Amino acid sequence: MNRVYFSRRSTNRVQFQVLGPLAMTVDDRPISLPGGKQRTLLAALLLNANRTVTNEEIIEQVWGEIPPHRPRNALHTCVGRLRQALARQCDDAHRMLRTSAAGYEIRIDTECLDLERFRALDRAARKAGARGDLAAEAARLSEALALWRGPALPDVRSEALHRDFVPGLNEERLLALERSHEVGLALGRHDELVGELRVLTVRYPFRERFWRQLMLALYRSGRQAEALRAYERVSVRLRDELGIDPSPELQRIHLAMLRSEPGLRLTETGARGGESAVLSGY
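What you are looking at is a predicted structure, and each value in this text was computed from that prediction instead of being measured. (Residues numbered from 1 in each chain as written. Predicted model: local features only at pLDDT ≥ 70, side-chain atom pairs only at ≥ 80, totals over all residues. Heavy atoms only, no water.)

Participant: Would you mind showing me how to read the overall build of the chain here?
Facilitator: Scanning the chain from N- to C-terminus turns up 13 helices and six strands. Out of the 282 residues belonging to the chain, those deemed buried represent 49%. Within the chain, contacts between residues at least 6 apart in sequence are counted, and of these 63% link residues at least 24 apart. In the structure as shown, the chain presents an accessible area of about 14100 Å², 49% of it carried by carbon and sulfur atoms. (Helix = DSSP H or I, 4+ residues; strand = E, 2+ residues; numbered from the N terminus. Buried < 20%, exposed > 50% of the residue type's maximum accessible area, 1.4 Å probe, protein only. Contact = heavy atoms within 4.5 Å. Areas by Shrake-Rupley, 256 points an atom, 1.4 Å probe, with all protein chains shown as cover.)

Below is the structure:
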């Protein structure tokens, strides 16, 4: 289970999770959350934590294009039931879920929401990378990615949330994954990355950065033939399904492998210092 943090005002230790199925823990204890519209409402508020969400925004996110006959009344009832459900589980639910003339807000410490912790760790990783500390960058990215338990909010029924929020969240995860592999390659961890990159190229066949990383990991593991076959697979997939050629970047690394260019190899010095071809052109 993920580490649990203290809420600033609560006498309970509360944590919410949106990086995967919607979840809540109180004092290390998993909480059974309400279903239906209350569940969607909680997800909508958590995705906008510490910001007032207008009545109109919430009505769209919870009910979509077919709102109830009296949407404000229905929203008020839904909020009341959610507040009651949370109050049965933690001491400060009434302070946590706030009402204003403009709308509603869930007020929590950012450490109590896995999404905010993920973003904080991602920022810390970028700062470490900027100062050249690739080991620290790799560690922070690993911590950030460990917070994900699958695609964001698969158990929340809301077309608006899955249209406007979830794709962006999943993209943040994929970008962090790509950067994690870049850093891993720079640190000489090519052997241990091959298996994960094989899975990712199957799951995201048009994400060429994963293919480039797989090719480089295979090549540096002494598996040049497999690296070249990986290029052929992605080339066929792109041409057959999208009618396009691989990107110039992917073509460049393929040509470099055919020529056995020495710049593709990670030197012992590069592995220690984090300087590698993958960060400087390949």
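Participant: Whenever I open this one, the packing of aromatic side chains confuses me. Can you help?
Facilitator: Two aromatic rings are characterised by how far apart their centres lie and by the angle between their planes. If you walk through the whole model with that rule in mind, you get two aromatic pairs. An angle of 85° between the planes, with centres 5.8 Å apart, marks the rings of Phe118 and Trp148 as edge-to-face. Taken together, the residues span a long stretch of sequence, with Phe118 in helix H5 (residues 114–130) and Trp148 in the loop between helix H6 (134–146) and helix H7 (159–164) at a distance of 30 residues. Considered together, Phe118 and Trp148 belong to a single accessibility category, that of buried residues. An angle of 45° between the planes, with centres 6.2 Å apart, marks the rings of Tyr204 and Phe210 as tilted. (Phe/Tyr/Trp six-rings, centres within 6.5 Å; stacked < 30°, edge-to-face > 60°.)

Participant: Sorry if this is basic, but what is going on with the pattern of salt bridges here?
Facilitator: Any two side chains of opposite charge can pair if their charged atoms end up close together. For the structure on display, the rule yields 24 salt bridges. One salt bridge in this structure joins Asp164 and Arg163, with 2.8 Å as the shortest N-O distance. Asp164 sits in the partly exposed class, given a relative accessible area of 46%. For Arg163, a relative accessible area of 49% puts it in the partly exposed group. Among the ionic contacts, a cluster of salt bridges with common partners joins Glu171, Glu178, Glu182, Arg207, Arg209, Arg212 and Glu249. (Salt bridge = Lys/Arg side-chain N within 4 Å of Asp/Glu carboxyl O.)

Participant: Which parts of the structure should I look at to understand the sheet that holds strand E3 (residues 29–30)?
Facilitator: Note on sheets: strands pair through backbone hydrogen bonds, and any given pair is parallel or antiparallel. Read from one edge of the open sheet, three strands run E1-E2-E3, paired in antiparallel fashion. Each having just a single partner strand, strand E1 (14–17) and E3 make up the two edges of the open sheet. Pairing analysis gives four bridges linking E1 to strand E2 (residues 23–26), with the strands arranged antiparallel. Across the sheet, Gln17 pairs through a bridge with Ala23, a residue of E2. (Pairing = 2+ DSSP bridges.)

Participant: Teacher, can you tell me more about helix H2 (residues 55–63) here?
Facilitator: Residues three or four positions apart in an α-helix share a direction because the helix packs 3.6 residues into each turn. Burial in H2 covers these residues: Asn55, Ile58, Ile59, Gln61, Val62 and Trp63. Looking at the buried residues of H2, the elements they touch are helix H1 (36–47), strand E4 (53–54), helix H3 (71–87), strand E6 (103–106) and H7. Of the residues trailing H2, Gly64 is marked for its positive phi of about 70°.

Participant: What should I look at first to understand helix H12 (residues 248–258) in this one?
Facilitator: By the burial criterion, the buried members of H12 are Leu250, Ile253, His254, Ala256 and Met257. The buried residues of H12 occupy one face: seen down the axis, they fall within an arc of 160°. The inward-facing, buried residues of H12 contact helix H10 (208–220) and helix H11 (224–242). Phi turns positive one or two residues past the end of H12, at Ser260, with a value near 55°. (Arc of directions from axis to C-beta.)

Participant: Is there a simple way to explain the confidence of the model for the chain in this structure?
Facilitator: Interpretation of this model should avoid reading the predicted coordinates in detail wherever pLDDT is low. Taken as a whole, the chain shows an average pLDDT of 89; of its residues, 90% reach a score of 70 or greater. The lowest-confidence element of the chain is helix H13 (residues 268–273), averaging 46 in pLDDT; the highest-confidence one is H6, averaging 98. Below a pLDDT of 50 lies the segment residues 1–10, which in the model reaches 32 contacts outside its immediate sequence neighbourhood of four places, other chains included. (pLDDT = per-residue confidence, 0-100.)

Participant: Please explain the sheet that holds strand E5 (residues 97–99) as it appears in this structure.
Facilitator: Taken in spatial order, the three strands line up as E4-E6-E5 in an open sheet, and their pairing is antiparallel. Strands at the two margins of the open sheet, each flanked by one partner only, are E4 and E5. Both E4 and E6 contribute to a ladder of two bridges, which runs antiparallel. Bridge pairing in E6 places Val53 opposite Tyr104. Of the strands in this sheet, E4, E5 and E6 are in contact with H1, which crosses E6 at around 75°. Sitting on the sheet, H3 touches E5 and E6, and the angle it makes with E5 is about 150°. (Axes fitted to C-alpha atoms, helices over the stretch in contact; angles between N-to-C directions.)

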